[in-house]
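Chain by chain, the residues:
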Amino acid sequence: MQKSGDFMNVFVYPNLEKSNSKRCTEQACSVLLSESSVLYMEERYREAFGELYGIEYLSLDECVDRCDCIVVTGGDGTILRCSSIASKYDKPILGINCGTLGFMASLEASDIDKLRLLCKGDYTVSERMMLNVTVKHENGEEIKADLLNDAVLVKGESCRIADFEVSKSGSVVSSLRADGVIFSTATGASAYSLSAGGPIIEPDMQCIEFSQICAHSLFARTIVFSPDSVLRVRCRFKDDAYAILAVDGVQIARITGRDIVKIKRSQLVTRIIDLTAGSFFPAVNRKLMTPLKEL
């Protein structure tokens, strides 16, 4: 990670919809400023944090362009939103969990003082594979998106029965009736795919995971593809029904029976900073094997 002189340029990216995010953000800023870091925030947060001395307020692109790294205070959803622009500028992300699960976060809200390790260069960086999705509509229009977690294709409200055909290199891999299908990275394996019966995968692995949502079959199983696989999906419906394609939780397209969805490895990667040396499996044990109400 590049530093300017003896100080670090940090873009602080909060999610103030989380109840304790403002407090965590203020604490994080205090620690970083005490280590002589230069802090940037988006202009829209000036009113919320204007009383903090030492923060420069800029546009989103200016913040990302000038920073050495991005400190995110929120949950996994906040990190996902941030990864979209961080990956384009190749800037690493450090997450402070202010949500419930927070698998991608390196620190919990109670560990903010460990941010000093970031300023001292005492950390590792995990490079996470991303996926690229292309929707080819019947009229020739294309929609493209890169994602860190998953692409989810689910039947629309008017659709009672949907068949999903998945192929690789011209060969049909799966043809099934289901409520939907999930294509995830190793990072996304601990999200929706896990709830659909998929395995836990170490997030540093490079692969494409395919899971079904409520498949009408006794033999539906998750399939893990090599990272350079190119997958195509067609949906088959009755009448004028459609499916919805969501990328990292954001709906981007309606898919008809005449459209094609292509999934492959993205040219972008997301870099995640880890201050606690292998925090993934402790997080799995702590957060997936403990009743949610005890978290």
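Note: the structure precedes this text.
Note that the coordinates shown come from a computational prediction; the quantities given were computed from them, not determined experimentally.

Asks: Explain unusual backbone geometry to me, please; I cannot follow it from the model alone.
Replies: In this model, Ser-36 sits at a positive phi of 65°, which is unusual for a non-glycine residue. One non-glycine residue, Cys-214, lies in the positive phi region at around 50°. Within the secondary structure, Cys-214 sits in the loop between β13 (208-213) and β14 (223-225). By relative accessible area, Cys-214 is classed as exposed at 59%.

Asks: Just checking my understanding: could you explain the pairing of strand β12 (residues 180-184) for this structure?
Replies: Within a regular strand, the side chains alternate between the two sheet faces. With five of five residues buried, β12 lies mostly within the body of the structure. Where β12 and β13 come together, five bridges link them in antiparallel fashion. Along β13, the bridge assignment pairs Ile-182 with Ser-211.

Asks: Before we go on, may I ask you to explain the sheet that holds β13 in this structure?
Replies: As a general point, the strands of a sheet are linked pairwise by backbone hydrogen bonds and lie either parallel or antiparallel. Pairing is antiparallel in the open sheet, where six strands are placed in the order β14-β13-β12-β9-β16-β17. Each end of this open sheet is capped by a strand with a single partner; those strands are β14 and β17 (250-255). Within the sheet, the average angular offset between the axes of one strand and its neighbour, ignoring direction, is 20°. Across three bridges, β13 lies against β14 in antiparallel orientation.

Rules and cut-offs
Residues numbered from 1 in each chain as written. Predicted model: local features only at pLDDT ≥ 70, side-chain atom pairs only at ≥ 80, totals over all residues. Heavy atoms only, no water. Helix = DSSP H or I, 4+ residues; strand = E, 2+ residues; numbered from the N terminus. Buried < 20%, exposed > 50% of the residue type's maximum accessible area, 1.4 Å probe, protein only. Pairing = 2+ DSSP bridges. Axes fitted to C-alpha atoms, helices over the stretch in contact; angles between N-to-C directions.

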